[in-house]
Amino acid sequence: LNLLLLLPVGTLVLLALLPANRDRLVRGLTLASMLAQAGLATLLYLHFDGSAPGLQFETRVPWIAEWGVSYHIGMDGINVLLVALTAFLGPIVAAGSFSAIQRDVKLFYSMVLLIQFAMMGAFLAQDLFLFYIFWETMLIPMFLMIGIWGGERRIYATIKFVLYTAFGSILMLAAVIFLVLESRAAGGTASFAFADLMQAPLSLRTQVWLFAAFALSFAIKVPMVPLHTWLPDAHVEAPTTGSVILAGVLLKMGTYGFMKLGFPLCPDATRLFTPVLMTLSVVSIVYGACLALVQSDIKKIIACSSIS
């Protein structure tokens, strides 16, 4: 599992050592790395026991002990298919950019490897501190992909993307700090591990504030109406590779966040907010579909159908 996660980083180091004009070698190394990662993900998927509870292929190493932070990754029933999806799309993204990207090839494929590492890490992380680092890291390569290799209105789309996601990230950071402090006050020990945080006895009021912050952050990433307006611009202006990553994996992060963090950490607040979430979900489904029906640009159709 560690090799699956760190393989893009090793390839990224190799690319950094290559001269800038070795475009063909850069493309070949990236594709080989993605194919190897897809092979590893397939192997792990085949050996994953769906009937067994808890984490599998788990690694937990203390990182910042005084804060209760650890390098903690593992696979469970929620992330196993998302890990496989991310690994499967990797070679498609790498090969699909061979002819489309002709300038700054080394930088582009470095960003592809970095976002692959960050997306895989966000799915595999079982520590909230580690999850947040991966969550934030995803924004950097996507920001550069749209801003450097995007269309005519790429600057506008990039700024809009950054403003929305930065707002969501600030809310999540506040929720993370608040959650850990409340958990420490309730249990007496500081820990960022998901399993430990879910055992903390949180009051309904605390859960409501936490869930509101997490839900806004995740709803932007889904994206859920009315926080969806950044997506059509980002989709249209991003290079095709960026659009594939957005629609294929990045937009799954919001829903994954709800399933992995929002609902389990705040069960009472989840029940309280269920009518609101269901209403917004239905509105997003219908409104996104209506938007898709009137579009003529294929990327806008994909963006609006992704909202739906």
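Please read these numbers as outputs of a predicted model, since none were measured by experiment.

Overview of the overall build of the chain
Okay, so step 1: Scanning the chain from terminus to terminus reveals 14 helices and 2 strands.
Okay, so step 2: In summary, the chain has a C-alpha radius of gyration of 20 Å against a globular reference of 19 Å for 308 residues, a match within 12%.
Okay, so step 3: Projecting the C-alpha coordinates of the chain onto the three principal axes gives extents of approximately 55 × 45 × 35 Å.
Okay, so step 4: Among the 308 residues that make up the chain, the fraction classed as buried is 50%.
Okay, so step 5: In the chain, of all internal contacts separated by at least 6 residues, the share reaching a separation of at least 24 is 74%.
Okay, so step 6: When the accessible surface of the chain is split by element, carbon and sulfur atoms take 70% of a total near 13,800 Å².
Okay, so step 7: With 17 positive and 15 negative side-chain charges, the chain shows a spacing of 8 Å between the two charge centroids.

Examining the pattern of salt bridges
Okay, so step 1: All told, the structure shown has 6 salt bridges when counted by the stated rule.
Okay, so step 2: For the salt bridge of Lys260 with Asp76, the shortest nitrogen-to-oxygen distance reads 2.6 Å. Here Asp76 lies in the loop between strand 2 (69-75) and helix 3 (80-96) and Lys260 lies in helix 12 (residues 252-265), a separation of 184 residues in the sequence. Each member of the pair, Lys260 together with Asp76, is buried.
Okay, so step 3: Taken together, the shared-partner salt bridges in this structure form one network comprising Arg153, Lys160 and Asp233.

A closer look at the pairing of strand 2
Okay, so step 1: Most of strand 2 is tucked away: 6 of the 7 residues are buried.
Okay, so step 2: As paired strands, strand 1 (residues 56-64) and strand 2 are joined by 6 bridges and run antiparallel to one another. Bridge pairing in strand 2 links Ile64 to Val69.
Okay, so step 3: The hairpin formed by strand 1 and strand 2 contains 4 residues between the paired strands, and Gly68 there has a positive phi angle of roughly 80°.

So, helix 10 (residues 230-237)
Okay, so step 1: Burial runs high along helix 10: 8 of the 8 residues are buried.
Okay, so step 2: Taken together, the buried positions of helix 10 are occupied by Trp230, Leu231, Pro232, Asp233, Ala234, His235, Val236 and Glu237.

Quick word on the side chain of Thr241
Okay, so step 1: Looking at where Thr241 falls in the secondary structure, it is placed in helix 11 (residues 240-250).
Okay, so step 2: A polar atom in the side chain of Thr241 sits 2.3 Å from the side chain of Ser97.
Okay, so step 3: Sequence-distant contacts of Thr241, that is, excluding residues within four places in its chain, are made with Val93, Ser97, Phe108 and Val112.

Reading the values: rules and limits
Sequence order as written defines residue numbering, which begins from 1 separately in each chain. Only residues with pLDDT of at least 70 get local features here, since the model is predicted, and only at 80 or more are side-chain atom pairs given and counted; chain-wide, interface and lining totals rely on the full set of residues. Hydrogen atoms and water are omitted, and side-chain values are computed over all heavy atoms in the structure. Counting from the N terminus, the helices are DSSP H or I runs at least four residues long and the strands are E runs at least two residues long. The globule rule is 2.2 Å times the number of residues to the power 0.38, and the radius of gyration it is compared with is taken over C-alpha atoms. The cut-offs for exposure are 20% and 50% of the maximum accessible area for each residue type, with area from a 1.4 Å probe on protein chains only; residues under the lower value are buried, those over the upper are exposed, and the others partly exposed. Whether two residues touch is decided by their heavy atoms; if any such pair falls within 4.5 Å, the residues are in contact. Computed with the Shrake-Rupley method and a 1.4 Å probe, the accessible areas treat only the protein chains shown as cover for residues. Charge counting follows a simple rule: Lys and Arg are positive, Asp and Glu are negative, and His as well as the terminal groups are ignored. Charge coordinates come from a single atom per side chain, which is NZ of Lys, CZ of Arg, CG of Asp or CD of Glu. A side-chain nitrogen of Lys or Arg and a carboxyl oxygen of Asp or Glu constitute a salt bridge if their distance falls within 4 Å. Should DSSP find at least two bridges between two strands, the strands are regarded as paired. For the purposes of these results, a polar contact is taken to be a pair of N or O atoms within 3.5 Å, where, inside protein, one atom must be able to donate a hydrogen and its partner to accept one; residues adjacent in sequence count only when each atom of the pair is a side-chain atom.

So yeah, pure geometry; function would need other evidence.
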